[in-house]
Amino acid sequence: MSSVTDYEELATTAGRELEEATPQEILQWAADHFGKRFCVTSSMEDAVVAHLASSVLPGVDVVFLDTGYHFAETIGTRDAVAATMPVNVITLTPKLTVAEQDAQYGPHLHDRDPDLCCSLRKVEPLNRGLGAYDAWATGLRRDESPSRANTPVVAWDPKRRKVKLAPIARWTQEDVDAYVQANGVLLNPLLWEGYTSIGCSPLSCTAKPGEGESGRAGRWAGSGKTECGIHL
Ligand code: SF4
């Protein structure tokens, strides 16, 4: 099976049939159907999905977007994942360096037009990088934010014309914490400093949430923006 129509049907059916499945079962389904044409994307906030995927598909490609604006701790987490886990870390970069973007669009584009900055530094590189795959998995969870509350475990990604998986969509933060503890999964050290969602380092893009705020409240806080565009 290889045509786009077949994959669309396959994804829609799997979304229904795997709704109650465990993350490992969902990832095994992906490994069985797509093999090396399947990858996991990771922001390197943690290595949970990479760990789950490597348990069913050792050597799985783990795709990381290096926007040029990451915290040093995030780059360190990527390097630790590459050094210690049975995965193949692939780093994607934007067409423009930060200096080239500053020259072309002016400095601090993230403060003035974060949608354009994310489009240049995240969405375009990911779309380009996913060309090598028929299916990709993310770490999206339904409990993260209202905009993610209906995330299917498997779905057709019409923009990229690929199968998109969210194997831990049904997990809660408690489920993630339990898995991390039971398996010694690598975490970004910024999680111990009060960050609950880790993206690019400019304060306008990633801040610590206030008392009682949701985990993603510190992302583009006060701007009305809630997603980088990859998952829209
Ligand atoms: S998160 Fe911020 S710095 Fe990173 S790509 Fe988006 S706007 Fe640019």
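Residues numbered from 1 in each chain as written. Predicted model: local features only at pLDDT ≥ 70, side-chain atom pairs only at ≥ 80, totals over all residues. Heavy atoms only, no water.

Taking an unreviewed UniProt entry as the reference, the protein is identified by name as Phosphoadenosine 5'-phosphosulfate reductase belonging to Kitasatospora cinereorecta. UniProt, in the comment section headed Function (unreviewed entry), describes the protein in these words: "Catalyzes the formation of sulfite from phosphoadenosine 5'-phosphosulfate (PAPS) using thioredoxin as an electron donor." (UniProt positions renumbered as here; feature names shortened; annotations may be inferred.)

**Focus: empty space enclosed by the protein**
All chains considered together, the criterion is met by one cavity of 30 Å³ or more. In this model, the largest cavity occupies a volume close to 100 Å³. As for the largest cavity, its lining consists of 13 residues, of which Cys 117, Cys 118, Lys 122, Cys 200 and Cys 205 are closest to the centre. Considering each element in turn, the lining of the largest cavity owes the most residues, five residues, to helix H7 (residues 114-129). (1 Å grid on protein atoms, 1.4 Å probe; cavity = no way out; pocket = protein on both sides within 12 Å on 5 of 7 lines; lining within 4 Å. Points joined across faces, edges and corners; volume = space filled by probe spheres on them. Helix = DSSP H or I, 4+ residues; strand = E, 2+ residues; numbered from the N terminus.)

**Remarks on the UniProt feature "domain: Phosphoadenosine phosphosulphate reductase" (unreviewed entry) in the protein**
Here, the residues flagged by UniProt with the feature "domain: Phosphoadenosine phosphosulphate reductase" (unreviewed entry) are residues 43-204. Between the end C-alpha atoms of residues 43-204 there is a gap of 18 Å, over a span that is 38% helix and 14% strand.

**Section: the environment of Ala 182**
The residue Ala 182 is located in helix H8 (residues 173-183) in this model. The exposure class of Ala 182 is exposed, given its relative accessible area of 65%. (Buried < 20%, exposed > 50% of the residue type's maximum accessible area, 1.4 Å probe, protein only.)

**Remarks on the packing of helix H2 (residues 23-34) against helix H3 (residues 48-56)**
Direction vectors running N to C along H2 and H3 enclose 60°, while the axes themselves pass 9 Å from each other. The angle between H2 and H3 places the two elements in the oblique class. Once H2 is placed against H3, the crossing between them reads as right-handed. Seen from H2, the contacting residues are Pro 23, Gln 24, Leu 27 and Gln 28; seen from H3, they are Leu 52, Ala 53, Ser 55 and Val 56. Looking at the contact of H2 with H3 residue by residue, the classes come out as five nonpolar, three polar and no charged. (Axes fitted to C-alpha atoms, helices over the stretch in contact; angles between N-to-C directions. Parallel < 35°, antiparallel > 145°, perpendicular 65-115°, else oblique. Left-handed = near helix turned anticlockwise from the far one by under 90°. Contact = heavy atoms within 4.5 Å. Nonpolar A, V, L, I, M, F, W, Y, C, P; charged D, E, K, R; others polar.)

**Quick look at the pairing of strand E2 (residues 60-65)**
Here E2 lies mainly inside the structure; six of its six residues are buried. Alternating residues of E2 divide into Val 60, Val 62 and Phe 64 and Asp 61, Val 63 and Leu 65, and every residue in both groups is buried. When E2 meets strand E3 (residues 87-92), the two strands line up parallel, connected through six bridges. Bridge pairing in E3 places Asp 61 opposite Asn 88. Once the chain exits E2 it traverses helix H4 (residues 72-84) before rejoining the sheet at E3, and the crossover so formed is right-handed. (Pairing = 2+ DSSP bridges. Right-handed = clockwise from strand over helix to strand, strands pointing away.)

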